[in-house]
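Listed here are the chains, written in short residue letters.
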Amino acid sequence: MGKQVLGISGSPIKNSNTDRLIKAVLARTGCDTEFIKLSQINVRPCIGCKRCVTDNICKVEDDFPALSLKIQNARAIVIGAYTPYGQIDGFTKALLERFWSLRHVNQSLAMELVNYEHMELLDQIIVPGNLPCLSCGKGDQCSQSGVSLMYGREAKTFDYGYFRVEDQSKIWDRAIDLGRTIERRLSA
């Protein structure tokens, strides 16, 4: 039957807060799961060719067709995005654009998930992240440091710790609750 719950991370950072939070949600669903990191596969943006209109199959030659089958067979999808510059990352945006190919002839995305291609949004969890300057290696020597831009000229990187998602108890608890909600919804 394939995987029931699919977790997809747009974060390019190895073992990122986003990855770990998605995996925590998946672990609490009680279902078969699969985790996919978009930075490790090739999913290009939609090129607007409209060759998918007649059969709901995207014709762009990359890894999306295989991922599309997993998405269509999933009973639930957990998507986590990375937000550099306060915007959704390119990997996740490309994936969401490609959902367009699944909506024509027979509405391939049959799940009932919030007006986005017939999906229902169960929750949206925003995780305070980390400035790249805290881990880039340049630290206080960087003239473009986000630490000094955000906290003032005198701010030093060692004054601001790395925020692990596991240490953000309210957010971590919401992720666990989301996994349980998915389990309940899929059991109904």
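What you see is a predicted model; the values in this text were computed from it and never measured.

A closer look at the sheet that holds strand 1 (residues 5–9)
Strand pairing in a sheet takes place through backbone hydrogen bonds and is either antiparallel or parallel in direction.
(1) Moving on: Strand order across the open sheet formed by three strands is 2-1-3, with parallel pairing between neighbours. Two strands in the sheet have a free side with no partner beyond their single neighbour: strand 2 (33–37) and strand 3 (76–80). The sheet shows a mean angle of 15° between the axes of neighbouring strands, direction not considered.
(2) Moving on: Here strand 1 pairs with strand 3 via five bridges, running parallel. By the bridge assignment, S9 is partnered in strand 3 with G80.
(3) Moving on: Across the face of the sheet, helix 2 (residues 64–73) comes into contact with strand 1, strand 2 and strand 3 while running at roughly 135° to strand 1.

Here we look at the pairing of strand 1
(1) Moving on: Within strand 1, five of the five residues are buried, leaving the element largely enclosed by the surrounding structure.
(2) Moving on: With five bridges joining them, strand 1 and strand 2 adopt parallel strand pairing. Paired with G7 across the two strands is F35, which belongs to strand 2.
(3) Moving on: At this point the chain moves from strand 1, through helix 1 (residues 17–27), to the parallel strand 2, and the crossover so formed is right-handed.

Digging into the side chain of S101
(1) Moving on: Within the fold, S101 resides in the loop between helix 3 (90–98) and helix 4 (146–151).
(2) Moving on: Take S101: its relative accessible area is 4%, and that puts it in the buried class.
(3) Moving on: Engagement of the side chain of S101 in a polar contact is seen with the backbone oxygen of R98, the distance being 2.8 Å.
(4) Moving on: In contact with S101, other than residues within four places in its own chain, are C52, N56, I57, C58 and F64.

Considering the confidence of the model for the protein
(1) Moving on: For the protein, mean pLDDT is 83; residues scoring 70 or higher make up 79% of the total.
(2) Moving on: Contacts from residues 110–117, a stretch scored under 50 in pLDDT, to residues over four places away or in other chains number 24 contacts.

A few points about the packing of aromatic side chains
(1) Moving on: Evaluation of the coordinates by the stated rule reveals zero aromatic pairs.
(2) Moving on: Residue placement shows K23 over the ring face of F35; its charged tip is 4.6 Å from the ring centre.

Description of the environment of V53
(1) Moving on: One can find V53 in the loop between strand 2 and helix 2.
(2) Moving on: Separated by 49 residues in sequence, V53 and L102 place their C-alpha atoms 8.6 Å apart.

Let's talk about the nonpolar core
(1) Moving on: Formed by 17 residues in total, the largest nonpolar core has its most connected members in V5, L21, V25, V78, W172, I182 and L186.
(2) Moving on: Those elements giving two or more residues to this core turn out to be helix 1, strand 3 and helix 5 (169–187).
(3) Moving on: If one sorts the elements of this core by residue count, helix 5 sits on top with seven residues.
(4) Moving on: Core analysis: the next-biggest nonpolar cluster, separate from the first, contains 15 residues, I36, V60, F64 and A74 among them.

Quick notes on the environment of I176
(1) Moving on: Note that I176 resides in helix 5.
(2) Moving on: Take I176: its relative accessible area is 7%, and that puts it in the buried class.
(3) Moving on: Considered as a pair, I176 and T29 are 147 residues apart in the sequence and their alpha carbons are 8.6 Å apart.
(4) Moving on: Beyond its immediate sequence surroundings of up to four residues, I176 is in contact with A24 and R28.

Some points on the pattern of salt bridges
(1) Moving on: Under the criterion given, the structure shown has 10 salt bridges.
(2) Moving on: With a closest N to O distance of 2.6 Å, E166 and R20 form a salt bridge. Linking E166 in the loop between helix 4 and helix 5 with R20 in helix 1, this pair joins segments that are 146 residues apart in sequence.
(3) Moving on: By relative accessible area, E166 is classed as partly exposed at 26%.
(4) Moving on: On the basis of relative accessibility, which here comes to 14%, the residue R20 falls in the buried class.

Reading guide: rules and limits
- Residues numbered from 1 in each chain as written.
- Predicted model: local features only at pLDDT ≥ 70, side-chain atom pairs only at ≥ 80, totals over all residues.
- Heavy atoms only, no water.
- Pairing = 2+ DSSP bridges.
- Helix = DSSP H or I, 4+ residues; strand = E, 2+ residues; numbered from the N terminus.
- Axes fitted to C-alpha atoms, helices over the stretch in contact; angles between N-to-C directions.
- Contact = heavy atoms within 4.5 Å.
- Buried < 20%, exposed > 50% of the residue type's maximum accessible area, 1.4 Å probe, protein only.
- Right-handed = clockwise from strand over helix to strand, strands pointing away.
- Polar contact = N/O pair within 3.5 Å; in protein donor to acceptor, adjacent residues only side chain to side chain.
- pLDDT = per-residue confidence, 0-100.
- Phe/Tyr/Trp six-rings, centres within 6.5 Å; stacked < 30°, edge-to-face > 60°.
- Lys NZ or Arg CZ within 6 Å of the ring centre and 35° of its normal.
- Core = buried A, V, L, I, M, F, W, Y, C linked by side-chain atoms within 4.5 Å.
- Salt bridge = Lys/Arg side-chain N within 4 Å of Asp/Glu carboxyl O.

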